[in-house]
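Architecture at a glance
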Amino acid sequence: MALGETVIHQGRLLKPSIEGNNCNWDQALDYVADQFSEIIREHGPQAVAFYVSGQLLTEDYYVANKLMKGFIGSSNIDTNSRLCMSSSVAGHKRAFGADCVPGCYEDLELADLIILTGSNLAWCHPVLYQRVKAAKQARPQLKIIVIDPRTTASCEIADLHLAIKPGTDVALFNGLLCYMAQHGKLNQDYIASHTEGVKLALSSARTDAEELLKLAQKTELSPQQLTAFFQHFADTENIVTVYSQGVNQSTHGCDKVNSIINCHLATGRIGKPGCGPFSVTGQPNAMGGREVGGLANVLAAHMDFGNDSHHQLISEFWQTDKLTKAPGLKAIEMFDAIDQGKIKAVWIMATNPAVSLPDSKKINRALTKCPIVVVSDCMADTDTTRHASVLLPVQGWSEKSGTVTNSERRISRQRRLLPTPGEGRPDWWIISQVAKRMGFTHAFNYRHEAEIFSEYCKMTGLGNHGQNRRQLNLSGFANLTAKEYHQLTPVQWPVISNQDFTTNEETQHNKRLFADGVFSTPSGKAQFIAVHSQPPASRTTVDYPLLLNTGRIRDQWHTMTRSGLAPRLSEHSPEPFISVSPEDASAYGLSHHQLAQISSPLGSATLHVNITNDVRQGELFAPIHWSNTNTSAAKICTLIYPHTDTLSGQPEFKCTPVTIKRFNYRSEAVLLSTDSSEFEPELHKYEYWSKQRVANGYLFRIASLLPPKELMLQLRHYCYRQNGRQLNFSNEAKEHYRFAAISHHQEQQQLNCYFWVAGKLQHQELDWLHAIVGENADDTVARSLLSGSAEGRLRAGKNVCACKKVGKNTICQAIREHQLDSVEQISTHTQAGTGCGSCIGEIQQLLSEQQAKSPAP
Ligand SMILES: Nc1nc2c(c(=O)[nH]1)N[C@H]1C(S)=C(S)[C@@H](COP(=O)(O)OP(=O)(O)OC[C@H]3O[C@@H](n4cnc5c(=O)[nH]c(N)nc54)[C@H](O)[C@@H]3O)O[C@H]1N2
Ligand SMILES: Nc1nc2c(c(=O)[nH]1)N[C@H]1C(S)=C(S)[C@@H](COP(=O)(O)OP(=O)(O)OC[C@H]3O[C@@H](n4cnc5c(=O)[nH]c(N)nc54)[C@H](O)[C@@H]3O)O[C@H]1N2
Ligand SMILES: [Mo]
């Protein structure tokens, strides 16, 4: 709902450039093609790489993969999906013989038990979550179990929350498998007819997790909790286990995935309505990328390295003799090779690795050293574009056109809605242009994305029959006309004949895979994988006794290059924070909202302390979103070790040993400005700063070792240059200094610049500041600025509902004044929660707080 605020021209990359100098497209494309060709000539195809992303469209992805694997003749194309889904990919392939999600979203509505493990669905898949919530409201017998070391917003609808010890999921699911076996709950018919390997899997599970008390110790759950979980599973027919990064992003991510799949296979809970293991994908097109070969270890269209027939089919189809024969470097290995100088040119598309890959210092060093760094992005200034030797402006969402695939194998069209600012071009066009200039004209002569799509669909049909049948089959689309492509409505694959996309949804046969119990393995049987729990790669030590977990917050997307543009989205969590349990806070002498420094042996970050019971003692949680473009030191990947799962290559992002200490400063400031260009170059002087987009400008927070008066003098130095009438307020005794510059603008007073310096500011009480920069600085505003406390309409408080812009104080006041006692009533009175609904948990919490303060008579 906030996308509208992000499709703005501000901050966009508008022109191609080489080494910082603007150029035209021909120059840029020639340069990239020449540099890549020259490096390949001199050092071979292994000396170049593409690092791509689940935010490319399928057509972009297909062309990038075709160029690298098919024509450059190297497999060094990997994607940020390596950080996201690769453990699920490997887990699926081990169990099913192919990377397939068996079920569909409807299964969530048909299930009687949904297990959410390592998934904060409420914040990360809010639309799906609303669907689950509505299903539960309609059918209260639908039970929800959340397995997550943290208490998350998803726990709002949970009947049971298992705050598991991080990394012990394999033991938990092995325990479940043992319980099912002990209680005669295995589906012996299904096991016998459709699976292989149960004996080994069971014996491994038994040595790992048979004894309840030991399992309780291992997982740090109580025997009662464990039994409750096992019994729910045993007693319920239709179960879906939804999993995401708490499972995948682990040094034993694949084992975690297979431990879940084992339980579904052992009980036959797969391939039928309301059942199945369900990996929910992260990015809009992480699934599409997996299908067209975006990962370094697979070929396009679910064909495999090492399969001669696949190799021949693709070579003939693409008319190439250069098709690569062996897997390439996975993301972490790829950046190691760049760091070691083995890769001399890298092209980064639609991802921001300087922020999102572990061990940021190494990534920055690698990108600094690498002779040619081409970056295709829609935004001008990111941590990664800062390293670019060539910058290529692309079309972003709303401007680009193509297809994406979601978690339930559903392909949808993404259509062009808005004109592209500047000279942005589609990613597929840029790649094809470079390919042609490298001499591969015949294979990259695309005029329209529809041509690429139908070529890819044809490819999925190659040799796809009989014994060699692959699930991923889009042959039904092979002869799609441009008009049909344009009008395509969302459809699940496989699409084998054109009836698959012309018949209506209800009669479609492709909703679920493996319904016939036939899998994509050589024997046609699903494979149990014997797994045994193992501790995460890095363990706490005396110096680094706490475990750092990282993940997402409700209102930001990844590295914030786009979501950070929307003022209302940054109000939910305006600053980077670290969640700490009350026990640890007191042990480490930390207070709420104070700054703290968190360190691992690789680096450190400075964040605001958020004391909360939501994290377990000994564990910390920090969001992944902030970068060097919007904070001094909150890029959390700086601390994270590049330990990976040996099979999938996926890094362990959720389990880093760290330590924490309070960060002492002498002064703090907030600074509001409509135009921050004068001020930003000076920010590096301050020990801590963060930058937040607010309506009509920016809000900076600063902490410094300078005394307050000194900090005030420095800030005033920049702010004096701002237009308008200048107002100074100071209280020397309290060391509080406030300053405002207000100008006349079309009959109105407008606030251009404001700061407030003190030894310590009460940030929680400053939410009202977000709304006033660039706004009509009427008497209410001026008085508030002067006194430093919100008056009148400024009292609405922190935005709780981002969609309808309803503040915390407005909600609390409505509860008190109208004696409201349900979220529905609050929504009716204030409109809060009537947008996307992802704030309903918070509204419920506010209601409970208010009720606790003044219980109903
Ligand atoms: N708002 C928002 N939504 C997003 C994104 C975003 O940036 N912002 N990004 C999208 C992307 S690309 C992705 S991949 C998805 C990710 O979606 P999720 O996977 O749901 O999100 P995360 O916050 O990364 O992690 C999920 C949970 O795993 C828990 N966890 C940590 N360690 C363990 C463990 O050992 N075991 C278990 N069982 N749980 C553990 C964490 O505490 C966390 O609550 O979100 C997508 N949706
Ligand atoms: N510590 C920690 N680190 C993590 C994670 C974690 O849980 N913890 N999660 C990991 C996961 S699951 C993921 S998916 C990654 C995400 O990490 P990234 O992929 O690095 O994050 P984004 O901010 O989505 O980067 C996308 C970039 O592409 C640009 N862009 C947007 N649209 C387009 C387009 O159409 N074309 C092009 N060429 N560019 C475009 C954006 O401006 C932005 O710069 O982070 C990973 N890193
Ligand atoms: Mo992701």
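Refer to the structure presented above.
Because the structure is a prediction, the values reported are computed rather than measured. (Residues numbered from 1 in each chain as written. Chains lettered and ligands numbered in written order. Predicted model: local features only at pLDDT ≥ 70, side-chain atom pairs only at ≥ 80, totals over all residues. Heavy atoms only, no water.)

**Description of the pattern of salt bridges**
Evaluation of the coordinates by the stated rule reveals 39 salt bridges. Aspartate 336 serves as the salt-bridge partner of lysine 362, at 2.6 Å between the closest nitrogen and oxygen. With a gap of 26 residues between them, lysine 362 in helix α19 (residues 360-369) and aspartate 336 in helix α17 (residues 331-339) connect regions that are remote in the sequence. With its nearest N and O atoms 3.2 Å apart, the salt bridge here joins glutamate 732 to lysine 709. A residue pair is termed long-range when its members are at least 10 positions apart, and glutamate 732 in the loop between β27 (725-731) and β28 (736-745) and lysine 709 in helix α26 (residues 708-719) qualify at 23 residues. Accessibility expressed as a relative area gives 44% for glutamate 732, which makes it partly exposed. (Salt bridge = Lys/Arg side-chain N within 4 Å of Asp/Glu carboxyl O. Helix = DSSP H or I, 4+ residues; strand = E, 2+ residues; numbered from the N terminus. Buried < 20%, exposed > 50% of the residue type's maximum accessible area, 1.4 Å probe, protein only.)

**What about the site of ligand 2?**
Contacts to ligand 2 come from 32 residues, most closely from Asn80, Ser356, Asp377, Lys400 and Thr559. Arginine 552 has a polar side-chain atom sitting 3.1 Å from a nitrogen atom of ligand 2. In the environment of ligand 2, an oxygen atom lies 2.8 Å from a nitrogen or oxygen atom belonging to the side chain of threonine 561. Partitioned by chemical class, the residues of the shell around ligand 2 number 12 nonpolar, 15 polar and five charged. A domain-level breakdown of the shell around ligand 2 finds at least three residues from each of domain 1 (10-84 + 286-448) and domain 3 (546-646). (Near = heavy atom within 4 Å. Polar contact = N/O pair within 3.5 Å; in protein donor to acceptor, adjacent residues only side chain to side chain. Nonpolar A, V, L, I, M, F, W, Y, C, P; charged D, E, K, R; others polar. Domains from an automatic or database assignment.)

**What to know about the packing of aromatic side chains**
For the structure shown, the criterion picks out 24 aromatic pairs. Centroid distance phenylalanine 71 to phenylalanine 444: 5.4 Å. Interplanar angle 75°. Geometry classified as edge-to-face. Of the two residues, phenylalanine 71 is situated in helix α3 (residues 58-72) and phenylalanine 444 in the loop between α20 (427-437) and α21 (449-460); the sequence distance between them amounts to 373 residues. Plain terms: the ring middles of phenylalanine 96 and phenylalanine 519 are 5.8 Å apart, the flat faces sit at 20° to each other, and that makes the pair stacked. In this pair, phenylalanine 96 sits in helix α4 (residues 86-96) while phenylalanine 519 sits in the loop between α23 (499-502) and β17 (526-527), placing the two residues 423 residues apart along the sequence. Just as phenylalanine 96 is buried, phenylalanine 519 falls in that class too. Joined through ring pairs, the aromatic side chains of Phe71, Phe440, Phe444 and Tyr446 make up one cluster. Sitting over the ring of tryptophan 429, arginine 425 keeps its end group 5.4 Å from the ring centre. Positioned above the aromatic ring of tyrosine 698 is the side chain of arginine 693, whose terminal nitrogen or guanidinium carbon lies 5.4 Å from the ring centre. (Phe/Tyr/Trp six-rings, centres within 6.5 Å; stacked < 30°, edge-to-face > 60°. Lys NZ or Arg CZ within 6 Å of the ring centre and 35° of its normal.)

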